[in-house]
Amino acid sequence: MSAASLVAELVAAFRAEGRIVIVGASLAGLRAAEALRERGFRGKLTVIGDEPHEPYDRPPLSKQVLEGWVHPDHTRLPRRRAVNADWRLGVAATGLDRVNRQVLLANGDKVDYDRLLIATGVRARPWINPREAALEGVFTVRTCDDATRLQAALHAGPRRVLIIGSGFIGSEMASVCCKLGLPVTVTERADGPLVGALGGVIGDIAARMQRDAGVDLRTGVAVEALEADDGGHVRQARLSDGATLDVDVVVASLGSIRNVEWLEGAGLASGFWGVGCDAGCRAFDINGVVTDNIFVAGDIARAPHVLYEYQFISMEHWDNAVSGAQVAANNMINLETERCPHLPLPMFWSAQFGVNIKGVGVCSFGDEIVFTQGSPCERRFAAAYGRQGRIVGAVTFDHGKWLDYYSALIERSAPFPPPPPGYDQPAGATPIPARFPDPRVPTEIPTVVLTGHDPTTRGAEFRRRS
Amino acid sequence: MTVETAWAEAMTYDNRADPYPFFAELRKTPVVQVADNLYVVTGYRELLALAHDPRISSDVRRSPLAAHLAGDAEPPAGVEDLQAHGGRQPSIIVSDPPNHDRARRQVMRHFGPPHSPDLIPSMEPGIVGLCNKLLDDIKARESTRFDVVDDYAYPVPVTMICKILGVPRADEPTFHVWIRDLLTGLDLGPDAATDEGRARAAKGRAAGAALRHYLAELIEQYRHQPGDGLLSDLVNDTEGPDGPMSPQEAVSNAQLLLVAGHDSTVNTISNCVMTLLRNPGSFELLRQRPELIPRAIEEVQRLQSAVQFFPSRSATDDIEIADTVIPKGAAVHLMYSAANRDPTRFANPDQYDPERPDNEHVGWGSGIHTCIGGPLARLEVNLTLETFLRRVQSPRLVDDPPPYRRSHIFRGPLHLMIDVDHITD
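Note that the structure is a prediction, hence the values are computed from the model and not measured. (Residues numbered from 1 in each chain as written. Chains lettered and ligands numbered in written order. Predicted model: local features only at pLDDT ≥ 70, side-chain atom pairs only at ≥ 80, totals over all residues. Heavy atoms only, no water.)

## Let's talk about the overall build of chain A
Secondary structure summary: chain A contains nine helices and 31 strands in total. For chain A, the C-alpha radius of gyration of 23 Å lies close to 23 Å, the compact-globule estimate for 466 residues. With the C-alpha coordinates of chain A rotated into their principal frame, the extents come out at 75 × 65 × 55 Å. Here chain A holds 466 residues, and 52% of them are scored as buried. A sequence separation of at least 24 residues applies to 63% of the contacts in chain A between residues at least 6 apart. For chain A, the exposed surface amounts to about 20,700 Å²; the carbon and sulfur share of it is 51%. (Helix = DSSP H or I, 4+ residues; strand = E, 2+ residues; numbered from the N terminus. Rg over C-alpha atoms; globule rule 2.2 N^0.38 Å. Buried < 20%, exposed > 50% of the residue type's maximum accessible area, 1.4 Å probe, protein only. Contact = heavy atoms within 4.5 Å. Areas by Shrake-Rupley, 256 points an atom, 1.4 Å probe, with all protein chains shown as cover.)

## Overview of the packing of aromatic side chains
One pass over the structure, following the stated rule, counts 19 aromatic pairs over all chains. Between Phe14(A) and Phe41(A), the ring centres sit 5.8 Å apart and the planes meet at 35°, which makes this aromatic pair tilted. Of the two residues, Phe14(A) is situated in helix 1 (residues 3-17) and Phe41(A) in the loop between helix 2 (27-38) and strand 2 (44-49); the sequence distance between them amounts to 27 residues. Classification of Phe14(A) as buried rests on a relative accessible area of 14%. You can call Phe41(A) buried: its relative accessible area is 2%. Every member of this aromatic cluster is reached through a ring pair, and the members are Phe371(A), Phe381(A) and Phe397(A). We note Arg387(A) situated over the ring of Phe365(A); from NZ or CZ to the ring centre the distance is 4.1 Å. Here the guanidinium or amino end of Arg302(B) rests over the ring plane of Phe346(B), the centre of that ring lying 5.2 Å away. (Phe/Tyr/Trp six-rings, centres within 6.5 Å; stacked < 30°, edge-to-face > 60°. Lys NZ or Arg CZ within 6 Å of the ring centre and 35° of its normal.)

## Comments concerning the confidence of the model for chain B
Residue and element names in this part refer to chain B. With 95% of its residues at a pLDDT of 70 or more, chain B has an overall mean of 93. Low pLDDT, under 50, characterises residues 68-77; the predicted model gives this stretch 19 contacts beyond four residues in sequence or across chains. Both confidence scores are given for the complex: pTM 0.92, ipTM 0.90. (pLDDT = per-residue confidence, 0-100.)

## Regarding the sheet that holds strand 11 (residues 184-188) of chain A
Residue and element names in this part refer to chain A. Strands sit in the order 9-16-10-11-12 across an open sheet of five strands; the sheet is parallel. Pairing within the sheet leaves two strands with one partner each, and these edge strands are strand 9 (138-139) and strand 12 (216-219). Bridge count for strand 9 against strand 16 (residues 249-252) is two bridges, and the pairing is parallel. Bridging across to strand 16, Val-138 finds its partner in Val-250. (Pairing = 2+ DSSP bridges.)

## A closer look at the interface of chain B and chain A
The interface of chain B with chain A comprises 16 residues on the first partner and 13 residues on the second. Buried area between chain B and chain A, summed over both chains or domains, comes out near 1,400 Å², and the portion from carbon and sulfur atoms is 58%. Linking chain B with chain A are zero salt bridges. For the pair chain B and chain A, the number of links is four residue pairs in polar contact (both at pLDDT 80 or more). Of all the secondary structure elements, the ones that give two or more residues to the side of chain B that touches chain A are strand 3 (56-57) and helix 6 (99-108) of chain B. Looking at the side of chain B that touches chain A residue by residue, the class counts come to five nonpolar, five polar and six charged. (Buried area = accessible area lost by both parts, 1.4 Å probe. Salt bridge = Lys/Arg side-chain N within 4 Å of Asp/Glu carboxyl O. Polar contact = N/O pair within 3.5 Å; in protein donor to acceptor, adjacent residues only side chain to side chain. Nonpolar A, V, L, I, M, F, W, Y, C, P; charged D, E, K, R; others polar.)

## Notes on the side chain of Ser95(B)
Residue and element names in this part refer to chain B. Examined against the element boundaries, Ser-95 turns out to sit in the loop between helix 5 (77-82) and helix 6. For Ser-95, a relative accessible area of 5% corresponds to the buried category. Here the side chain of Ser-95 touches Ser-91 through a polar contact of 3.1 Å, landing on its backbone oxygen. A distance of 3.3 Å separates a polar side-chain atom of Ser-95 from the backbone oxygen of Ile-92. Among residues more than four places away in sequence, those in contact with Ser-95 are Ser-58, Asp-59, Pro-90, His-100 and His-369.

## What about the sheet that holds strand 29 (residues 432-433) of chain A?
Residues and elements named next belong to chain A. One open sheet accounts for six strands, arranged 24-25-28-27-26-29; its pairing is antiparallel. The sheet is open, and its two borders are formed by strand 24 (347-352) and strand 29, each paired with just one other strand. Here strand 26 (residues 368-375) pairs with strand 29 via two bridges, running antiparallel. Bridge pairing in strand 29 places Glu-368 opposite Pro-433.

## Some thoughts on the packing of helix 10 (residues 172-185) of chain B against helix 11 (residues 195-224) of chain B
Each pair of packed helices gets described by two things: the angle between the helix axes and the distance between those axes. Residues and elements named next belong to chain B. Interhelical geometry of helix 10 versus helix 11 gives an angle of 140° and a closest axis separation of 7 Å. As judged from the angle between their axes, helix 10 and helix 11 are oblique. In this structure, helix 10 crosses over helix 11, and the sense of that crossing is left-handed. Each of Phe-175, Trp-178, Ile-179, Asp-181, Leu-182, Thr-184 and Gly-185 in helix 10 lies in contact with helix 11, whose residues at this interface are Arg-200, Ala-201, Lys-203, Gly-204, Ala-207, Gly-208, Ala-210, Leu-211 and Tyr-214. Here the contact of helix 10 with helix 11 is composed, by residue class, of nine nonpolar, four polar and three charged. (Axes fitted to C-alpha atoms, helices over the stretch in contact; angles between N-to-C directions. Parallel < 35°, antiparallel > 145°, perpendicular 65-115°, else oblique. Left-handed = near helix turned anticlockwise from the far one by under 90°.)

## Here we look at the pairing of strand 22 (residues 301-305) of chain A
Residues and elements named next belong to chain A. Within strand 22, four of the five residues are buried, leaving the element largely enclosed by the surrounding structure. Looking at chain direction, strand 19 (residues 274-276) and strand 22 are connected through two bridges and run parallel. Residue pairing for strand 22: Val-275 is matched across the bridge by Ala-301. Across three bridges, strand 22 lies against strand 23 (residues 311-313) in antiparallel orientation. Bridged to Pro-304 within strand 23 is Phe-312.

## What about the nonpolar core?
Residues Val167(B) and Phe388(B) are the most contacted members of the largest nonpolar core, which totals 103 residues. Of all the elements, helix 13 (residues 247-278) of chain B adds the most residues to this core, at 14 residues. In this structure Val167(B) touches Cys162(B), Phe175(B), Tyr214(B), Leu215(B), Leu218(B) and Leu231(B), once residues within four positions along its chain are discounted. Core analysis: the next-biggest nonpolar cluster, separate from the first, contains 71 residues, Leu182(A), Ala206(A), Val249(A) and Ile368(B) among them. (Core = buried A, V, L, I, M, F, W, Y, C linked by side-chain atoms within 4.5 Å.)

## Quick notes on the environment of Gly137(A)
All names here are of chain A. Within the secondary structure layout, Gly-137 lies in the loop between helix 4 (130-133) and strand 9. Note: C-alpha distance between Gly-137 and Ser-413 (276 residues apart in sequence) is 47 Å. Filtering out sequence-adjacent residues up to four positions away, Gly-137 remains in contact with His-233, Val-234, Asp-248, Val-249 and Val-250.

## A short note on helix 3 (residues 44-51) of chain B
For helix 3 of chain B, the complete set of buried residues consists of Tyr44(B), Glu46(B), Leu47(B), Leu50(B) and Ala51(B). Along helix 3 of chain B, the residues classed as buried sweep out an arc of 165° about the axis, all on the same side. (Arc of directions from axis to C-beta.)

## Considering the pattern of salt bridges
Residue and element names in this part refer to chain A. This model, assessed by the stated rule, comprises 55 salt bridges over all chains. Notably, a salt bridge pairs Glu-34 with Arg-31, separated by 2.8 Å at the nearest N-O pair. Of this pair, Glu-34 and Arg-31 both sit in helix 2, three residues apart, which is roughly one turn of that helix. The exposure class of Glu-34 is buried, given its relative accessible area of 3%. With a relative accessible area of 6%, Arg-31 lands in the buried category.

Structure (structure tokens):
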């Protein structure tokens, strides 16, 4: 038998009788399950999720659900086809035994796999002080249960809402509060909202947007403590500038934590940044060697990106979860020559303060920005990000229909600044520093250190920065 | 065949029923120069790229087209009509940002979400009622032959756009003739150079002037005495961020919307009926599975794009695409009808497949000029087709191909005679 026909037979046998386990029952997990069936996998498929709910969509949770016009139960993701899977919902995966190829579950069950897809995503980073985070009225928003509770709290008419952190989610929630007519304060340690993702130039515009809408935005300020009444309900916040606020609802929007704990000890390249994988979604082991049977998709995946100097990038973008799931599914049921790379052009969107924000590429990879179309003053514009003379990202405010143009430029590493449009050119369309946070400034992110003195005690350790 | 010949043949009235072989010929070079200062884009991906390229202008005042194609001081009627001179303001389809964006916002406030989310859905009972009444009338005539265009497809969108705009339906017979003459006179192909072509153009110019005069009076009236409908809302809007639209601009946009409601949707409905009857089994398929109707309509729009192209665009800079450089200042036709049959994008592109997966055609345009009336048109076509499928028994085409309207921009049957067994209640 020739090698080619042997491979074909192996693939056919696996598709007919293999066992695939997907850990993570959200967008990436569901779409991967569908893609597996779509592409001819007929074997046993198990989907494990720690939430009791069927896969649901998250973007509405920080917008329509909080506003109250979409019920949290109505965000279930549409099923694109029957997946005929064994759904193990409401039970978390707690461990991975790679030697015996088993996923260990919280209820003691062990699920056998031939191939595994890790799609456990991220969770909300809670407020740093656990005692304060547990107070009544202190929230994070990641799950539909979170959104249900926060929606109730907002609609109960709090005196003031405090939102800690002004990334996309925090800003969207501040926008919702304004719409609901609730007094809202946003604290942000950086110079402005969205600065991490889009830089200070856009941050200034976002800050004006918030203030114009009536948000009490306080930048360069941290929350030092949350204080409760006798009933254990949060009533006051103390800020680093000495101010105190009377608040009934506090939402921590401090980014996310990757759900990697269950992989501890499994010997994979997993940690703070996610699970490292190649562009074919195959997980790396702890030594940086690619595995053959373990795949990664969605928010937790961290892969080198050709457009961005092969840096390992993880993307918490809706599109990335879908396309990653499809590529992972394809590669799980094929061998070498039929495998394809996951080379997404990152895309993201946000809706806040009546403005539709859309972006493409990795804007924070750039160091310069140029307004290319429209009017920044009117908050209707397109802007491109550049690094070393090439375009690496773009963002639009109420100009989303132009995004395809910028996508094409980014895909072919076109020169920066891009050629000027034939009309509607902003005044002063010259590149300026994009003002991303200085990478030399320490952040909350833990750092890795080597400890021990002699070779036998040397080891790596994550340490939280103070 | 040279590209110049292929282009001329595609634009000739004699080939109106089937210009597609000539588009296929042109598509061998997805972006190609067909005349001095004129480039046509027939490749799907190239068209999408240019539809989103801010170096392509839609402002007809920048296009060399009128002067170039007419070859003399007198531009063809329709093109002149699209232009803005003599105090005229361009409509949204022939203008660029920021004016385009502002005007589109002003119109959308009264036409769709988020400010007027109920307007289009609220038309549904009226559309269904009208469809049924039209079939009742045909049935009452006790004839088994009727014209799908005049007897059924035409009255629905016209009645609805009149209602939405606030144009008296009673005036329809008058402006119907104007719009017909206006579009008949709008010819950028070789037929324009004949004596008949020049006569049609002259008639079209007069009709365009009459239509504008009529709309200007109506709008002036609404300015002094606000009434129901988009035109009145448009010129009296003091709530929106952009204020009221100027009367001159409102006239241009009223003309655009009235023509689109008059023509494009009529053609789309007729194209749907024609395509279903041309393809054995598809009428029955949709009858049994009405949930396929929306997809079937999109597939018809892909195959028989009601707007084949719109001749206002030009390049504001040298643009390199598909091994061609479109020079600054050249006119650029984005041929939706040709791109929709690009075999590198759609498998078996000439075949009708109502269940076609991944049918992301450009029949409604793409980019900032994406059809503003698309949601209304989709509702109208859905309901007219659904009613037709339910009530019309065993329809057969009498002539195939049917006689076509003259326009190569808004392409569709002039008449579509069908024989039926009977019309049920």
